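# Coordinates in review
So the chains spell out like this:
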Amino acid sequence: MGTDRDFIDYISEQIDLGSRLSHRKMFGEYALYVDGKVVAFVCDNSLFVKPSAAATGLAPALPQRPPYPGAKNYPVADELLDDSEAIRRLILQTAELMPPPKPNTGKRSPTR
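What counts as what
Residues numbered from 1 in each chain as written. Predicted model: local features only at pLDDT ≥ 70, side-chain atom pairs only at ≥ 80, totals over all residues. Heavy atoms only, no water. Helix = DSSP H or I, 4+ residues; strand = E, 2+ residues; numbered from the N terminus. Rg over C-alpha atoms; globule rule 2.2 N^0.38 Å. Buried < 20%, exposed > 50% of the residue type's maximum accessible area, 1.4 Å probe, protein only. Contact = heavy atoms within 4.5 Å. Areas by Shrake-Rupley, 256 points an atom, 1.4 Å probe, with all protein chains shown as cover. Lys, Arg positive; Asp, Glu negative; His and termini not counted. Charge placed at Lys NZ, Arg CZ, Asp CG, Glu CD. Pairing = 2+ DSSP bridges. Polar contact = N/O pair within 3.5 Å; in protein donor to acceptor, adjacent residues only side chain to side chain.

## Regarding the overall build of the chain
- Assigned secondary structure in the chain consists of three helices and six strands.
- In sequence order, the chain lays out its α and β elements as α-β-β-β-β-α-β-β-α.
- Relative to a compact globule of 112 residues, whose C-alpha radius of gyration would be 13 Å, the chain shows 14 Å and is just as compact.
- Across the 112 residues that make up the chain, the buried fraction comes to 41%.
- The long-range fraction of contacts in the chain, counting pairs at least 24 apart against all pairs at least 6 apart in sequence, stands at 53%.
- About 7,100 Å² of surface is accessible on the chain, with carbon and sulfur atoms providing 50% of the total.
- Averaged over its 14 positive side-chain charges, the chain has a centre that lies 15 Å from the centre of its 14 negative ones.

## A few points about the pairing of strand 1 (residues 21-26)
- Taken together, the six bridges between strand 1 and strand 2 (residues 29-34) define a ladder with antiparallel strand orientation. Pairing of Arg-24 across the sheet is with Ala-31, part of strand 2.
- Connecting strand 1 to the next strand, strand 2, in antiparallel fashion are two residues, including Phe-27 with a positive phi near 55°.

## As for unusual backbone geometry
- The phi dihedral of Asp-44 is positive, around 50°, even though this residue is not glycine.
- Within the secondary structure, Asp-44 sits in the loop between strand 3 (37-43) and strand 4 (46-49).

## As for the side chain of Thr-3
- The residue Thr-3 is located in the segment before helix 1 (5-15) in this model.
- In this structure Thr-3 comes out as buried when scored by relative accessible area, which is 8%.
- A distance of 2.4 Å separates polar atoms of two side chains, one belonging to Thr-3 and the other to Glu-29.
- Within polar-contact distance, the side chain of Thr-3 engages the backbone nitrogen of Asp-44 at 3.1 Å.

## Some details on the pairing of strand 4
- Side chains Ser-46 and Phe-48 project from strand 4 onto one buried face, and the interleaved Leu-47 and Val-49 project onto a second face that is buried too.
- In the sheet, strand 3 pairs with strand 4 via four bridges, with the strands oriented antiparallel. Counted as the bridge partner of Cys-43 is Ser-46 from strand 4.
- In sequence, strand 3 turns back onto strand 4 through a hairpin of two residues, with Asp-44 there showing a positive phi of about 50°.

## As for the environment of Glu-29
- With respect to the helices and strands, Glu-29 occurs in strand 2.
- Taking the relative accessible area as the measure of exposure, Glu-29 reaches 14% and is therefore buried.
- Taking the C-alpha atoms as reference points, Glu-29 and Ile-87, separated by 58 residues in sequence, lie 20 Å from one another.
- Not counting the four nearest positions on each side in its chain, Glu-29 is found in contact with Gly-2, Thr-3, Arg-24, Val-42, Cys-43 and Asp-44.

Structural measurements only, silent on function.
Structure below.
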């Protein structure tokens, strides 16, 4: 089905981190970044937060399912989207636990 751009805009408004929050379209879906760190995926108009101690501690009752076929289960934070403070806290704490982004070397493997 793919994610609607309006849904990405809604998530961005709810999280309300300004330029710290960004997204990138990937294969018809989106990855969400805080300060360059991947913190969540948005697939089929659902918000899948990276599994971490943040999700376990702040929202242990979130349902879990894979964001795409073959993926492991991720917490689905859709029910937190109407609570800006709760979703912002979860996303920020998830970002704190994620490793820093790898430096871009500018090298890409050729496409064949």
